[in-house]
Amino acid sequence: MPADLSPLIAATTQWLTRAFPAAGGALAAVLSEAQARQAVTVAAWLRYPTAVDAALVMMAGPGGSARLDWIAGADMPDEVDTEDWAWRSWVDEVVASWAACLLAAPDAAKEAVEAVAHSEHTAVGPVEFRRLTAPDAHDMSAAPLLRHPELSQPIAALYHAGLIDRLRRGPALAR
């Protein structure tokens, strides 16, 4: 059983949904978050394919959101609230970049889901990523900023080559 990546997934999802907010009310926010969470989960599983990989990042920490905040143009106050900083310290820059790539490119998202389909992470049972790989009209209208390739490009471009390299390895070698 792989180490629990949920703090990393939750923080990186929160960063993406704050950087690229939903369009509309509460339902749009929930749909946007679901899409971001699915993309981040797939990206995290690709980035940390084994229990050892996952355990190491959970022990060492993923690095935080400082560079992503700067690239996204977030205005960070001189003194950051301790609670706000705590979750930001669990944001993984590579995972955020890969998730942005997957959200903007449905074909890459499908490839990525196939690559993690038989990984250690899915050993406990089947997992569905429909909102990521086959978003319906409601999903698309809820997350236009999150899925906009030009808006997410500065984040997606950071580690795009690494994602492509990982996907080229195929399902058997992505683990």
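Everything below is about the structure shown above.
Draft legend 1. Representation of the overall build of the protein within the structure. Within the protein, the regular secondary structure consists of 12 helices and zero strands. For the protein, the proportion of its 175 residues judged to be buried stands at 43%. Summarising the internal contacts of the protein: among those between residues at least 6 apart in sequence, 85% fall at separations of at least 24. Surface accessibility of the protein: about 8,800 Å² in total, with carbon and sulfur atoms responsible for 57%.

Draft legend 2. Seen up close, helix α1 (residues 6-19). Its 14 residues place the ends of α1 20 Å apart at the C-alpha level, agreeing with the 20 Å of an ideal helix rising 1.5 Å per residue. By the burial criterion, the buried members of α1 are Leu 8, Ile 9, Ala 11, Thr 12, Thr 13, Trp 15, Leu 16 and Thr 17.

Draft legend 3. Broad picture of the side chain of Ser 152. Considering the arrangement of structural elements, one finds Ser 152 in helix α10 (residues 149-156). When neighbours within four sequence positions are excluded, Ser 152 is seen to be in contact with Phe 20, Ala 100, Ala 104 and Leu 146.

Draft legend 4. Expanded view of the packing of α1 against helix α2 (residues 26-47). Look at α1 against α2: their axes get within 9 Å of each other, and the N-to-C directions meet at 130 degrees. Relative to α2, α1 is oriented oblique. In the packing of α1 onto α2, the handedness of the crossing is right-handed. Along the contact surface, α1 presents Leu 8, Ile 9, Ala 10, Thr 12, Thr 13, Leu 16 and Thr 17, while α2 presents Ser 32, Glu 33, Ala 36, Arg 37, Val 40, Thr 41, Ala 44 and Trp 45. Along the lines of polarity and charge, the residues of the contact of α1 with α2 split into eight nonpolar, five polar and two charged.

Parameters at a glance
- Residues numbered from 1 in each chain as written.
- Predicted model: local features only at pLDDT ≥ 70, side-chain atom pairs only at ≥ 80, totals over all residues.
- Heavy atoms only, no water.
- Helix = DSSP H or I, 4+ residues; strand = E, 2+ residues; numbered from the N terminus.
- Buried < 20%, exposed > 50% of the residue type's maximum accessible area, 1.4 Å probe, protein only.
- Contact = heavy atoms within 4.5 Å.
- Areas by Shrake-Rupley, 256 points an atom, 1.4 Å probe, with all protein chains shown as cover.
- Expected span 1.5 Å × (residues − 1).
- Axes fitted to C-alpha atoms, helices over the stretch in contact; angles between N-to-C directions.
- Parallel < 35°, antiparallel > 145°, perpendicular 65-115°, else oblique.
- Left-handed = near helix turned anticlockwise from the far one by under 90°.
- Nonpolar A, V, L, I, M, F, W, Y, C, P; charged D, E, K, R; others polar.

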